[in-house]
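# Understanding the architecture of this molecule
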Number of protein chains: 2
Amino acid sequence: MTVHPFDEAITLEAGEPGWVRGQTHAEWANMVGPFGGVTAAALVRAIQTHPERIGEPVALTVNFAAPVVDGTFDIAVKVVRTNRTNQHWLVELWQDGALRTNATAVFGHRRDTWSDTERPPVTAPEPDTITPTGLPDMVVWARNYEMRYVEGAIPGPGAQPQQSSTTTMWARDRLTRGLDFASLTAMSDIFYPRVFLRRGAPSPAGTISLTTYFHADGAELDAAGGDYVLCRAYANRFARGYFDQSGEIWSRSGALLATTHQLVYFKD
Amino acid sequence: MTVHPFDEAITLEAGEPGWVRGQTHAEWANMVGPFGGVTAAALVRAIQTHPERIGEPVALTVNFAAPVVDGTFDIAVKVVRTNRTNQHWLVELWQDGALRTNATAVFGHRRDTWSDTERPPVTAPEPDTITPTGLPDMVVWARNYEMRYVEGAIPGPGAQPQQSSTTTMWARDRLTRGLDFASLTAMSDIFYPRVFLRRGAPSPAGTISLTTYFHADGAELDAAGGDYVLCRAYANRFARGYFDQSGEIWSRSGALLATTHQLVYFKD
C-alpha cells in the first residue's frame, strides 16, 4: 500500500507520556525547514490522536517561534480544559531542547443550529480553463498541490508592483487525497506572502502566527473529497516590518470550509 | 490622584516568580465574570511589565477556556522564545487551581519599511452627528465606552432579523483615557456577538478564541489619544453552533490600528 506523502509527513509515533514524535519529510520542505502548513497539520494530528480528545477542530492558532530544522521533532500535547461541548489544547513542537512552534487549539462538538454563510461567494472560471502554474520549483512543498491562479499568481521575473494583494486560486492535492482537518490546516497556509504581489517580487518574509477557524464539519470535508477548493487571500495593512493577511477556503460546491488569518514579518 | 477604572482593572502586582496577581473590577463586569476584553488587556499588561519583554505587541490570541469568576486571579507569564527582533509569550490566567484563560502573544521591534494600508477605509458620518447609545445597561463594562452606532446597533425589543451582520460604530473611552496597547486590546472585543443582528435578538453566545493583530506602533496610538476610533465588525459563516467574526479598528485620522478576529459559540 502506498502512503500519501502528506500522511507520511504527519505520521506521529507515541513518545513519553504526553508526547508524540514525528519527522520532517523531504517532499514538504520549504526554503528553510518544512512548510509551515504541514507543521501546523502535524500539531492538529497530534491532538486528533490524543486519547482524551473530544469533537473536531474549531479554532487553531500556530506560532512559528523558531525555524524547524530537518529531522525528528517532539510534540507535547496537553489538554488545558475540557468543557461539556468544547476542549482547549496547548501544543508545543520541540527540537534539540528548544521550542520551535507552539499552538493553542479549540476542539468542539458541533450541533444543529441556525446556519448561514454571510461571506460573499468567490466566483471564478472553472479550474480546467486555467493553466496550472503553482510556485517556483525551488518551493518543494508546493509541488504537492496543483494550483490554478485566477488572479494574483506569484510575481515572476519582470513583474511590476500591484495595487492589490489579492490572490484567488483553485488548489487541490496533486494526488487528489481527500480533504480532512489536517490537510485543510495545511492549505490554510498555502498562500505565499502578500507583500510579494504588492512589491512585484519575492522578498524575505515569513509567517509568525497563523489562526484558522474551521467552519466545516467532518462530513462536509468528506463531501469535498479530493476536488479543487477555491482559495482567496488578501492583506489589510503593511506597516513597519509586519503585515496581516486573511484568507478563505471554499469547497468547489460553494461551502466556506475555513477562514484563516496570519501575521507575517517582512523586510524590504 | 484618580486612577482610571481601566487602569485599576489591569493593575497587577508581583507574585511568585513568573506570576503576577490581579483582581476583577466591578465596573468591568460582563453578564458572567469580567468583560473578555479587559481580561485580554490584563494578559497584555502582564507581558508588558515583564522584565524580559522586548518590543511592542504584534499578535495576540486569547482563548476563553472557562469563565473567570469575580475576585483575584493569578497570571503565569512565560517567554517561550526570544529572537533578534521578536519574542513569543505564553500566558495563563488561573483561579482556584483551574486555568480560565490562556494566550499566546508575539511582541516585536518595528522598523521602517515600505508601508501601505490596503483595507478600504471605513467611511462614516462624524460622531457628533450620531446619538450615543451603547449596549443595554445590564452590560456593565459597556458603560465605560461611549458608542455611537453608524449601523448595526444591538437589536432591541421588536427588532427583526437582519441580512447583514455588520456593525460600524464610533467608540471612545468615556473618560477619554488615551489609547495604548492594553486599551486597544480591550476594544478588539467591543463588538457584541454578530449572531444577535442576524437573528434580531440577543441569544446565548460567547467568544471562545480572540486574535488581534496590532498594526499601530506606540507613537500612532499616542497620536490617536482619547479620541473616537471607528470600529467595524462582520461575520463570515455561522454553522453548527459556531461562527467567526472579523473586525477592524481605525483611528479618527484614518490609520488602521488593529484587525481582529474571533470564534464564537452560539445557541439558538
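If you're wondering where the values come from, they're calculated on a predicted model, not measured in any experiment.

A word on the relation of the copies chain A and chain B. Superposing chain A onto chain B requires a rotation of 180 degrees together with a translation of 0.0 Å along the rotation axis, leaving an RMSD of 0.0 Å. On the angle and the small slide along the axis, the relation comes out as a two-fold axis. Most of the interface of chain A is mirrored in chain B, where 100% of its interface residues again form contacts.

Further remarks concern the environment of A:Gly18. Residues and elements named next belong to chain A. Looking at the element boundaries, Gly 18 is found in the loop between strand S1 (13-14) and strand S2 (19-23). Considering only alpha carbons, one finds Gly 18 and Ala 76, 58 residues apart in sequence, at a separation of 5.7 Å. When sequence neighbours within four positions are dropped, the list of residues in contact with Gly 18 reads Ile 75, Ala 76 and Val 77.

Our next topic: the interface of chain A and chain B. Each partner contributes residues to the interface: chain A has 68 residues there, and chain B has 68 residues. It is A:Trp114, A:Arg237 and A:Arg240 in chain A that bury the most area against chain B; as a group they hold 15% of the surface buried on that side. The partner of B:Arg240 in a salt bridge is A:Asp112, with the nearest N and O atoms 3.4 Å apart. Here strand S7 (residues 116-117) of chain A runs beside strand S11 (residues 229-239) of chain B; their pairing, made up of two bridges, is antiparallel. Among the inter-strand pairings, A:Thr117 is bridged to a residue of S11(B), identified as B:Arg237.

The next thing to look at is the UniProt feature "domain: Acyl-CoA thioesterase-like N-terminal HotDog" (unreviewed entry) in chain A. Under the local residue numbering, the UniProt record ascribes the feature "domain: Acyl-CoA thioesterase-like N-terminal HotDog" (unreviewed entry) to residues 26-108 of chain A. Annotated as residues 26-108 of chain A, this span is 16% helix and 49% strand, and its ends, taken at the C-alpha atoms, are 33 Å apart.

Definitions and limits used
- Residues numbered from 1 in each chain as written.
- Chains lettered and ligands numbered in written order.
- Predicted model: local features only at pLDDT ≥ 70, side-chain atom pairs only at ≥ 80, totals over all residues.
- Heavy atoms only, no water.
- Least-squares fit on C-alpha atoms with pLDDT ≥ 70 in both.
- Contact = heavy atoms within 4.5 Å.
- Helix = DSSP H or I, 4+ residues; strand = E, 2+ residues; numbered from the N terminus.
- Buried area = accessible area lost by both parts, 1.4 Å probe.
- Salt bridge = Lys/Arg side-chain N within 4 Å of Asp/Glu carboxyl O.
- Pairing = 2+ DSSP bridges.
- UniProt positions renumbered as here; feature names shortened; annotations may be inferred.

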